[in-house]
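What follows is the residue order along each chain.
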Amino acid sequence: MKFDVLTLFPEMFEALNQSIIGKAREKNLIEINLINIRDFSKDKHKKVDDTPYGGGAGMVMKADVVYDAYKSIKKDNAKVIYMSPQGKTLNQSKVEELSKEDHLIILCGHYEGIDQRVIDKIVDEEISIGDYVLTGGEIPAMVLIDSVSRYNEGVLSQDSIKEESFSNRSIRISTIYKTRNI
Ligand code: 4H7
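A brief structural summary. What you are looking at is a predicted structure, and each value in this text was computed from that prediction instead of being measured.

So, how was this worked out
- Residues numbered from 1 in each chain as written.
- Predicted model: local features only at pLDDT ≥ 70, side-chain atom pairs only at ≥ 80, totals over all residues.
- Heavy atoms only, no water.
- Salt bridge = Lys/Arg side-chain N within 4 Å of Asp/Glu carboxyl O.
- Helix = DSSP H or I, 4+ residues; strand = E, 2+ residues; numbered from the N terminus.
- Buried < 20%, exposed > 50% of the residue type's maximum accessible area, 1.4 Å probe, protein only.
- Expected span 1.5 Å × (residues − 1).
- Phe/Tyr/Trp six-rings, centres within 6.5 Å; stacked < 30°, edge-to-face > 60°.
- Lys NZ or Arg CZ within 6 Å of the ring centre and 35° of its normal.
- Near = heavy atom within 4 Å.
- Polar contact = N/O pair within 3.5 Å; in protein donor to acceptor, adjacent residues only side chain to side chain.
- Areas by Shrake-Rupley, 256 points an atom, 1.4 Å probe, with all protein chains shown as cover.
- Nonpolar A, V, L, I, M, F, W, Y, C, P; charged D, E, K, R; others polar.
- Patch = residues over 30% accessible without salt bridge, like charges linked within 9 Å, V, L, I, M, F, W, Y side chains within 5 Å.
- Pairing = 2+ DSSP bridges.
- Right-handed = clockwise from strand over helix to strand, strands pointing away.

Quick look at the pattern of salt bridges
Side-chain pairs of opposite charge can arise whenever the charged atoms involved come near each other.
Then step 1. Here the structure, examined in full by the defined rule, presents nine salt bridges.
Then step 2. Where Asp 68 meets Lys 42, a salt bridge forms, and the shortest distance between an N and an O atom there is 2.7 Å. Pair noted here: Asp 68 is in helix H2 (residues 63–71) and Lys 42 is in the loop between strand S2 (31–36) and strand S3 (49–50), with a separation of 26 residues, a long-range link.
Then step 3. A residue is classified by how much of its surface remains accessible, and Lys 42, at 62% relative accessible area, is exposed.
Then step 4. A salt bridge links Lys 79 to Glu 125, with the nearest nitrogen and oxygen atoms 2.9 Å apart. With a gap of 46 residues between them, Lys 79 in strand S5 (residues 79–89) and Glu 125 in strand S7 (residues 125–128) connect regions that are remote in the sequence.

Here it is in C-alpha cells:
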C-alpha cells in the first residue's frame, strides 16, 4: 500500500520511521512518500499562503501551489483524503475500509486550511481524527497512516489483528502481544 503525503512540514513525519511502521517500510510492506508543497511555489520568496478566494478571515494555502504538488503524483486509482477538523470522524471501521485501498493521497492543511477550489476539485474524503483543532494536518495524517498500515498484510501478525473486536460503538482491544513484531 502506498501513501503520498502533501505537506509543508515533511520533517514531522520522522516519527513514522520508528517501531512497527518503520519496520513495515523497511520491508516494503508499505510505502510513504512525502511531497513538500513549498517545492511547487513559483514565487521567489517561496510563498505558499494567500487570502481566501471570495473573501474571509486569515490566510489559506495557495490554490495553484497545492494543485501543482498534487499533479506531480502518479495517480492510478488513488483516493484523496483531506485531514480537517470539519471532516468525518475517523473510527476503526473507517480505518479497515481505507486499508483496502492501494493508494492514498493525504493533504495536510495549515493556516486556515487549503483554498476551497482545490478541495472541491481533488478531494474524495474529508477526515478528522477528533473534535479538536490542531495547528496542522500532519499529526492527523500520521494517525491515519499508523492506524491504516496496521491492517496491511504482514505488518502485524494475524494473531494481533484478529483479537481486536468491537462491542456496540466502542472498540475492545484485547490483543495479546506475543510475537516478535512487538
Ligand atoms: C484543514 C482546515 C485536522 C486543516 C483547517 C486538521 C484538526 C484536525 C487544518 C485547518 C487540523 C482533526 C488549521 C484550522 C489551523 C484551524 C488554527 C489543520 N486540526 N486548521 N487553524 N481534528 N488543522 O483531525
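Overview of helix H5 (residues 138–149)
Then step 1. Look at H5: 16 Å from first C-alpha to last across twelve residues, which is about the 16 Å you get at 1.5 Å a residue.
Then step 2. In terms of burial, H5 is a largely internal element, nine of the twelve residues being buried.
Then step 3. Of all the residues in H5, the buried ones are Glu 138, Pro 140, Ala 141, Met 142, Leu 144, Ile 145, Ser 147, Val 148 and Ser 149.

Here we look at the packing of aromatic side chains
Then step 1. Under the definition given, this model contains one aromatic pair.
Then step 2. The ring of Tyr 70 is capped by Lys 75, whose NZ or CZ atom sits 4.2 Å from the centre of that ring.
Then step 3. Note that Arg 117 overlies the ring of Tyr 53, its terminal NZ or CZ placed 3.9 Å from the centroid.

Topic: the site of the ligand
Then step 1. Taken together, 18 residues lie around the ligand, and Tyr 82, Tyr 111, Ile 129, Gly 130 and Leu 134 are the ones closest in.
Then step 2. Within the side chain of Ser 128, a nitrogen or oxygen atom sits 3.2 Å from a nitrogen atom of the ligand.
Then step 3. Out of a free accessible area of 520 Å², the ligand has 87% covered by protein chains.
Then step 4. A total of four residues in the shell around the ligand trace back to one element, the largest contributor, which is S5.
Then step 5. Partitioned by chemical class, the residues of the shell around the ligand number nine nonpolar, eight polar and one charged.

Focus on a nonpolar patch on the surface
Then step 1. Where nonpolar side chains cluster on the molecular surface, the patch consists of Phe 9, Met 12, Tyr 132, Leu 134, Ile 139 and Val 143 and spans about 500 Å² of accessible area.
Then step 2. Mapping Phe 9 onto the fold places it in the loop between strand S1 (2–7) and helix H1 (19–26).

Quick look at the pairing of strand S6 (residues 103–108)
Then step 1. With six of its six residues buried, S6 lies for the most part within the structure.
Then step 2. Every second residue of S6 is oriented toward a common face, with His 103, Ile 105 and Leu 107 on one face and Leu 104, Ile 106 and Cys 108 on the other, all of them buried.
Then step 3. In the sheet, S1 pairs with S6 via five bridges, with the strands oriented parallel. For Lys 2, the partnering residue across the bridge sits in S6 and is His 103.
Then step 4. Pairing analysis gives five bridges linking S5 to S6, with the strands arranged parallel. Residue Ile 81 lies in a different strand from S6, and its bridge partner there is Ile 106.
Then step 5. With helix H3 (residues 92–98) bridging S5 and its parallel neighbour S6, the resulting β-α-β unit is right-handed.

Scope: geometric values only; no functional claims are made or implied.
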